[in-house]
Each structure stands twice: as C-alpha cells, then as structure tokens.
Amino acid sequence: MTTTTPAAPPTTRPARTPLREGPGDRLFTWAVTGAGISVLALIVAISVFLLSQAWPALAQAGAGFITEQEWFPDAQPPRFGIAALVVGTLISSAVALLLAVPVGVAASLCVVELLPRRLGRAIGQMVDLLASVPSVVYGLWGFSVLVPALVPLQRWLDAAVGSFVPLLHSPSGIYGRSLLAAGVVLAIMVLPTIAALCRESFLQVPRAHREAALALGATRWEMIRTAVLPSTRPGVIAASMLGLGRALGETIAVAMVLSASFDLTWHWVEPGGVTIAANIAAKFGEAGMLGRHALVASGLVLFTLTLAVNAVARLVVRRSVVAGR
Amino acid sequence: MPARRRTRDLLARASLLAALILALVPLVAVLAYVLRRGLPGLSPDFLTHSMKGVGALDTNGGAYHAILGTLEQVGIAMVLAVPLGLAVAIYLTEIGPTSPAHRRLAAWIRFFVDVMTGLPSIVAGLFIFAFWVLALHQGFSGLAAGLALAVLMLPVVVRTCEEMLVLVPRDLREAAWATGAPRWRTVIWVVLPAAGSGITTGLMLAVARVAGETAPLLLTAFGYDAIRTSPVAGPQAGLPMFVYDQSGSAFAPAIERAWAGALTLIGLVVGLTVLARLLARRFRPLGD
Amino acid sequence: MIGHGRTRPGSNRALSGWASTVTVILLMGVMLAGCGSDDNSGSTTAKATNATCATASVNGSGSTFAQNIVKEWIKNYGAACSGASINYQGTGSSDGIAKFTNATVEFAGTDVALTAAEQQAAQAKHGPVLQIPWTAGAVAVIYNLPGVPALRLRPATLAGIYAGGITSWNDAAIAADNPGVNLPSTGIQVVHRSDGSGTTAVFTSYLAAVAPQVWKAGSGKEISWPTGQGAQKSDKLTETVKSTPGAIGYAELSYAVGSGLTTARLGNAGGAFVAPDAPGAVSAALAQSTIGADLQVNVNYQASDAAAYPLSSVSYVLVPVRGPDANKAALLRAFITYALGQGQDSASALAYAALPPQISHQALTAAATLTGP
C-alpha cells in the first residue's frame, strides 16, 4: 500500500512549499505526527490487550478452540471453541448481505439515476439519517414486530423448498428467532451504509460518460449497465465489504433477536445458532474467570475477522482508485 | 426503438424503484412503530425524572439521568476524539505528502484508520473495561464510557476530516505560502476554515453514530438509577443502556419506559443529525 | 460543495463550527442539569420504615433474580434515610461476584453460593466475606397451551419433557398427571435459557434431585441441553413461550406474573400439586430446608409438606465482614437488617417469598456482625 499515495501533480508554480519554515512549523509537524502515530499505538494497544486477556483461554483450549462446538469455559474440565460462533456469524452476515446488497445497489441507482436531483438528495439524506438509528432500537423492534411477521415466510420457504434445500429446512418445525431473522434485521441495519457508499460511488461517474451513452441511443437502463455499473464495481464491492464488517460485529440487535442457543447449525430458518458478538453480550454477566478470558478470545477472533474484511475492502478501493488515475 | 428494449428499460426502472421502496419500508416501519409505542410514555415527567426510588411496579420515573449521562459521555468522547482526529487528518493531508518517509507512515496510518472504522463496538468496550477498569483500577464511570466511545469515534473523525481537507484546493495553500505564512498558520487560518462546513457535518454524524451505542456502555458506564452530574464520580446511566435494561423487565411499566426511552434516543440522534445539516448550511464557505 | 476559497482570514469556520457543536452539546447538558429531579416520591408507593439510617454511598451488582425486590428496598429505605445512596444493577450473579472480587462494587447479589475458589479469591481482596440469604422465590414453569388453565406436572414428567422423551402434550405421562383434562396433540416446544443463569442452576438442580432416573443432563448455570431452543434472559424466554403455541419454559415467578402466562402446578413429595404463587408455598418448602453455619441454604426439593412448592430458591447478598470504611459498613449493616426485617413484607407483591423465620433469624444475626475496617 506504500505505492498508493498519489504522486504530487507536476507543477511549475513557485510556492510549492511554504517560504518560511520556522520553529512553529517544527513543533506543528511533531504534534500532528505524534497524533498520527497515536492511532497506530491505539490499534497496537487494542491488539496487545485482547491477546494478553485471551491468552489464558487460548492456552487452555489449544487447537480445540477452533474445532470445539460447545461453550462451557467454566466447567471442569473446560471445553469451549469458536466453531459454532464463526459459522453463525458468517451465516447471519451472509443473509444480511444477500438481501442488503441488491436492494442497496438498486435503491441508490434509483436515487442517483432516476429520481429528480432534489428529490434524490432528500431521500439520500433520509437514508443517511436512518443509518444512525441505534441498534438497541432495531433489536426492540426486530424482536417484537419483525420476528413474528417473518414466521409465515419461513414456514412457507420450508414448505416450498425445504425438502431439497436443507439450509431452508427446520427439522423441529419451529420457526421464528432464527439466523434468517437475525440476517434480515442485520440487512435492514447495514442497508443505509451500503446505499450511502454506493450512492457516492455512482455520483462520481462523470456526467460525460452518461451523456455519451444516451447520445448513442441507449435507454436509461442500458446507460446504467454500460456506463455506470462497470466503472463503479470496486465501489460497490467496497460498500458491500464495509456492510459485511458492520454485520459481523453487530451485538445488541442480534442478541435481542436471535434465539441464541449455542449450537452449530446450518438451518437458517430454525431458531438457534449464535454469533460471536451476541455471545459476548449474553455470556459476559455469568462468565467466571476463564469464561471471561474465553469471551475475550472470541472477541479477538471477531476483531481479526472484521480487520481482515475491512482491509480487503480498503485494498479493493485503493487499487481501483490507483487504476482509475 | 424496438419494443423489447423499451420494455426491458421500463422493467428495470420499475424494479429499481421497487428496490428503493423496499429499502424505505422497514426504515419507516421502525420509526412509526417506535413512535406508536413510545409516545404514550413520553411525558414531561419522563424527561425530567430519574429512576431513583422507582419500584418494579411503579409507573413513574424517567430517563433524565440517562439523557444527561449520554450527553456527558458523548461530550467527553468528542473532546477527546475530535482534536486528536483532526490532528491526524491534518498530518495525513498536510504533512503526509512532504517526504517519502512521511508518505509511507501516512499510508500505514490511513490504512489502519480505515480498518478501525469497522471495529466492533463491543471490542472497544472490552478494551476500555480491561485497560481502564481492570488494569488502572479506575472503576466504572461516565468517563470510561466516554473513552470507549472516543475509540469508536476517532477513525470516523479522521476519515471525515481527511476527506474534507483533501477537497480544499491546493491553490489556496500555495497562495498563503506565497504571502510568507508558515505551514501551521496556513493550516489553521486557511485550510481548516475552508473545510469548515464539511468537517462540522461529519463530526455531528460521528456523534450521532456513537450516541446510540449500547454494547460498550454495558462494560464501562455500568448504569445508575439516580442523577449523577459528575462523569467521574462513579457508575453513570446512559440512554441506550436505559432502553436495554428497561426492555428486559417482567412488568409493563418498565416496557413502556423502554419504548419511551427508545423514542427519546432516536429523537436525540436525529436531532443531532438535523442540527449537523443546519450548521453545515450556516458555515458554508462564502464562495460556494 | 467545499469551497472555492474566498475565505476571510480570521473567521475560522472549522474551529467555530466545531466549537459550536461542542457548545450545543454542553448547553444541552447545562440546560438539562437544572431541570431534572431524583424525587420520585410523588406517586410511588414507598412504605414508611423505621430503619436505622446511615449516611454513605454503596454500589452493588449481580443477581437479576433479586433485582426487583432489592430496588424496592432501596426505594423504601431511601425514603426514610435521605443520606443513604444505594445503587444496584442486575447484571447477573457471576458478574456480581467478579465485580465484588476485584472490588469494583461493595456488595453483590448471587443466586448460587460461591465455589471454594471464588470464596478464596474474594477473601484475598476483602478478608472474610459473608453470604447472607436475603430473599427467596419460586421458579415458575410456564406454558402456552390455550384451554388448559391448570396443568399439573409430576417431577418425572417435567424432567421427561426437558430430556426430550416426552414430545407431545397428549403424551400418556402428562395425561396421567391431569386426569379428566382434554389435552391437545400439539408438539411440545421446549424453551430454555441461552445465557448463563442462576435460574437455570435452580431448575436443573431441581430436576437432578427429584428425577435422577430421567434427568441425566446435569445441573449448573449453563448445561448442554438435550432438546429445545434457547432464549436470552428471562424476558426473551417468556416472550418466546408467549408467542409459540405448545411452548414450555421456566422463569422467575415475576416474569410469569408480568407476562400473564399460566404456570404449571408441580407435584411435591407430599403428594399434592402446588402453584408457584400459592400463598406460603415457597416458605413451606424453605421451612423444611437446612441452613448451615456458613449461611448456605440447602433447599429441600422434596419437602414433605403438602403446601410446599418444591422449585424454590434463595438469593444471597455477598458482603465483606469488614467494610471498606466505617460509614459504608454502617449503611450495609443497616440496609441488610432492614431488608431481612421489614423488607420481607414487600415480597409477595413483587412475586417473591418471605424468608421463613429460622433462616431470617440466622441471617439477621450474621448481618449484625458487619463492621468497619
């Protein structure tokens, strides 16, 4: 990534740097450099602390930390692992992305390309505003409104395709507070993020590209397909990855919506499954000494996971920016 | 134009519009439902009373102490994260490009700031819990919550400020330098003012984001039933935590308080966001 | 949208913008600071007390089970003693123990007595500590079965349901417990807690004690459940039972009362079926329980009294014998003494049970020994 800083544009103007560099400037440079380094120090501190607090649990569990599907860190002997947590986290986030990305992309296309500019901007701002609705509110609403409303849909899904798509089958015949429901709540929560970033990306397509396509006789949809979507693909991918990052780490809403039983389940419509973040919120109060270390260890996994997802997202964007220059 | 292309265009347009409506429906539904459940409990008494001495079956009591706590915690987070974040952004845009070494450091900082925007809020809470509460023995407090929120806010502040500073035309800096102004004066008196409106908006949005966080508060502010004006005196309440706590009760009065609290929280966050837009308009640079 | 720069030097918009943002937030705080009130005495139901007053401030956390009655006590005690400030947060028993052990709170509520290791850790920090039983209550078995208002369950039947052996409501075992009742063929949806919980510990200890042949899944705050779906905390569990036809679950009696769900009558060793909210049912079960010198109550799940509701439990307050300072110790002593005396009158309205005399007498004696450093 060291190559990604754009080269300074060639210029022949005289004042490329300040004429005077005094002691004030040296102090200023030191101060803001210190601030910059403090960010690196902060992330190192978070990593070091998480690792040191997770270590007793990791040492205790060994390789079992990856494979064990149960969570009894305070039992004798303790047995706990992140297998079920990671699967549940990935499933609920995948559901969220499957729903939120198409809708978010299409909705922001509609805002940018179809609606009158003023109306589009107003709706865009409204969506931004909804991005800041607190997750505890989504949790309350999801639990009392959305979950009951989704039960018939889940039953219907199971009846329609459950017999040959095991993911959409509920062996127990119970529906409701499932990974699918958690995924839908997450989708609603990350939708504004994805839509806002996609909108920004679409707005950056030069007007000339659009006008050229339209001048060649393209319909609006053809213009979108040929002039807007290809050049903004990295932006859309990055938006999705950032949405994924949010979905992976969401805590309170999932803890309130999901029927978090600690088991590794592949059945999206049956209550059960659990995510890393929701597990921390649910177990923290009753965790013993090793239990807390184990929860921090799972937090470390979550931290690494979101770090990786965000890093990939940023690299995609950076590469596209560099390529675009 | 062949009918097939036109039909396809119409179909595509219709589905884009349908997607927009589909995106807005749940968002509107959330707001409408919270409004419906929250309004009956939202009274002047609710906004001006704490939960001190309120039993499980009592219908009085309110969120005043939690609103106050949230404002203080968010204020602390701002006081910590905004100057630091602004300084980092200034480093990235003003010092970063000046030498290869700075360029390399800036690239790393930018990368990790980006990555930190995805930091799960519960991890920030865990970090402050162990660092501040366990290792430094500082105990639970509004200040601890402010620290956790500041960790969450910092990357957002840096990102926003950097984006806005980058947009300030280079000519403006060069013009200032040409008059003999040193770099630091140029930044403070020329670059920052030019980016003012964008920065203000970004900051308010960052504030709105962290004001609604529940997970870190559970591990740092701890919760308190009475009014605690000082954020360093011990455990303090926070509005998101108030909602979470009250919603977990067995009895109807608490559930009503939870919804009223949720409505207040949305009002606070939305109020801040709208204020941000208004301020942005107010502080728009003259040339715009 | 950002400026093509005609900016006036000297009018520093970024800083003034930021400053105004901070000002607005601070102003909101200041405006608020004047107009709020801690005084909720207007319409509350605080009972007059003749408690001994002490002036200090103490924090406690722990048992969610005890939360409602502890807050009621704080309300009533605070109404009589304005100099006392007591804070209690129901964050879970283990959390309370952990916070007590690293001295971030002065007292903790716990539903399960401390293990030897936990006791050692707490004593390393505080010196000798006491676990004083201060309230009792029933764990109710709640179910969602319209048309069956008073389900009766023998221990083996309840254990069979939770072990997964009994899967439909018209099973022969349930029918045998409920002669003459028309039971539907609905499948049984078992619901249990997904978070670690003292309620789960009580429920599973009960099953292990009364139906050892059927219940083999062990006991504890978290166990490996043979069947059923999980729900976080008591409120989500009751909501799940309420919204799932055929569901059965367990929760503190207050949640059963608050949600309006029907509770099962459990068979006791005296041969009768008793509802959890029957007057005196919990006290009858505890009256046949033993309390040790360490103040631990061994709940007798097989009390022979026909009036006893067997699925009962006791909740403790964990305090240092020598308080952090004289004032705090005095407040803790006075507050716990009040709770064990007059405070027990608040129990039934909040769906708790008063401690039977033989337990509260010993608890009061212990509370009197609390002292300063």
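Please read all numbers here as calculations on a predicted model, not as lab measurements. (Residues numbered from 1 in each chain as written. Chains lettered and ligands numbered in written order. Predicted model: local features only at pLDDT ≥ 70, side-chain atom pairs only at ≥ 80, totals over all residues.)

A.B. asks: It is not clear to me how the overall build of chain C should be interpreted in this structure. Could you clarify?
C.D. replies: Helices and strands together make up the secondary structure of chain C, namely 12 helices and 14 strands. Counting only residues that meet the buried cut, chain C has 56% of its 373 residues in that class. Pairs at least 24 apart in sequence give 72% of the contacts found in chain C among residues at least 6 apart. (Helix = DSSP H or I, 4+ residues; strand = E, 2+ residues; numbered from the N terminus. Buried ≥ 20, exposed ≤ 12 C-beta atoms within 10 Å, placed from the backbone. Contact = placed C-beta atoms within 7 Å.)

A.B. asks: Help me understand helix 8 (residues 183–211) of chain B, please; the structure alone is not making it clear to me.
C.D. replies: Residue pairs spaced three or four apart in an α-helix point in one direction, given the helix's 3.6 residues per turn. Residues and elements named next belong to chain B. In this model, helix 8 (29 residues) spans only 35 Å end to end at C-alpha, well below the 42 Å of a helix rising 1.5 Å per residue. Maximal helix bending in helix 8 amounts to about 60°, located at G196. For helix 8, a buried count of 26 out of 29 residues is recorded, marking the element as mostly surrounded by other parts of the structure. (Expected span 1.5 Å × (residues − 1). Bend = angle between axes of the 7 residues up to and from the residue.)

A.B. asks: Would you mind going over the interface of chain B and chain A with me for this structure?
C.D. replies: Many authors give the size of an interface as the accessible area that is lost as the parts come together. With 76 residues of chain B in contact, the opposing surface of chain A contributes 75 residues. Those elements giving two or more residues to the side of chain B that touches chain A turn out to be helix 1 (3–38), helix 3 (64–95), helix 4 (100–116), helix 5 (121–135), helix 7 (170–178), helix 8, helix 10 (239–247) and helix 11 (252–282) of chain B. Among the elements that make up the side of chain B that touches chain A, the one with the highest residue count is helix 1 of chain B (18 residues). Within the side of chain B that touches chain A, the residues separate by chemical class into 55 nonpolar, 10 polar and 11 charged. (Nonpolar A, V, L, I, M, F, W, Y, C, P; charged D, E, K, R; others polar.)

A.B. asks: Whenever I open this one, the confidence of the model for chain A confuses me. Can you help?
C.D. replies: Do not read the fine detail of predicted coordinates wherever pLDDT is low. Residues and elements named next belong to chain A. For chain A, per-residue confidence averages 82 on the pLDDT scale, and 90% of positions sit at 70 or higher. The spread of mean pLDDT over the elements of chain A runs between helix 11 (residues 289–324), the lowest at 79, and helix 3 (residues 83–114), the highest at 90. Note that pLDDT drops below 50 for residues 1–14; the model gives that stretch 16 contacts with residues more than four away or on any other chain. (pLDDT = per-residue confidence, 0-100.)

A.B. asks: How should I be thinking about the packing of helix 6 (residues 142–167) of chain B against helix 8 of chain B in this particular structure?
C.D. replies: Between two packed helices, what matters for the description is the angle formed by their axes and the separation of those axes. Residues and elements named next belong to chain B. Taken N-terminus to C-terminus, the directions of helix 6 and helix 8 make an angle of 150°; their axes are 8 Å apart at the nearest point. It follows from the interaxial angle that helix 6 and helix 8 lie roughly antiparallel. By crossing handedness, the relation of helix 6 to helix 8 is classed as right-handed. In contact with L149, L152, M153, V156, V157, T160, C161, M164, L165 and L167 of helix 6, helix 8 contributes V191, A195, G198, I199, G202, L203, A206, R209 and V210. (Axes fitted to C-alpha atoms, helices over the stretch in contact; angles between N-to-C directions. Parallel < 35°, antiparallel > 145°, perpendicular 65-115°, else oblique. Left-handed = near helix turned anticlockwise from the far one by under 90°.)

A.B. asks: What am I meant to see in the environment of B:L217 here?
C.D. replies: Residue and element names in this part refer to chain B. Here L217 shows up in helix 9 (residues 215–220). You can call L217 buried: it has 31 C-beta atoms within 10 Å. Put simply, L217 and S141 are 76 residues apart on the chain and 9.5 Å apart in space, counted from C-alpha to C-alpha. Apart from the residues lying within four places of it in its own chain, the contact partners of L217 are A145, G238, P240 and M241.

A.B. asks: Mind showing me how you'd approach the nonpolar core here?
C.D. replies: Within soluble globular proteins, side chains that are nonpolar tend to cluster in buried spots. In this structure, A:V137, B:M153 and B:V157 are the most contacted members of the largest nonpolar core, which totals 332 residues. When residues no more than four places from it in sequence are discounted, the contact partners of B:V157 are B:A81, B:V82, B:G85, B:L86, B:L203 and B:A206. (Core = buried A, V, L, I, M, F, W, Y, C linked by C-beta atoms within 7 Å.)

A.B. asks: Mind showing me how you'd approach unusual backbone geometry here?
C.D. replies: For B:F222, which is not glycine, the phi torsion reads 80° and is therefore positive. For B:F222, the location among the structural elements is in the loop between helix 9 and helix 10. You will see that C:A351, though not glycine, has its phi angle at about 70°, which is positive. Here C:A351 lies in the loop between helix 11 (326–340) and helix 12 (357–367).

A.B. asks: How should I be thinking about the sheet that holds strand 10 (residues 265–267) of chain C in this particular structure?
C.D. replies: Adjacent strands of a sheet form backbone hydrogen bonds with each other and so pair up, either parallel or antiparallel. Residues and elements named next belong to chain C. Read from one edge of the open sheet, three strands run 5-10-11, paired in mixed fashion. The open sheet terminates on both sides in strands that have one partner only, identified here as strand 5 (152–153) and strand 11 (273–274). Pairing analysis gives two bridges linking strand 10 to strand 11, with the strands arranged antiparallel. Paired with L266 across the two strands is V274, which belongs to strand 11. (Pairing = 2+ DSSP bridges.)

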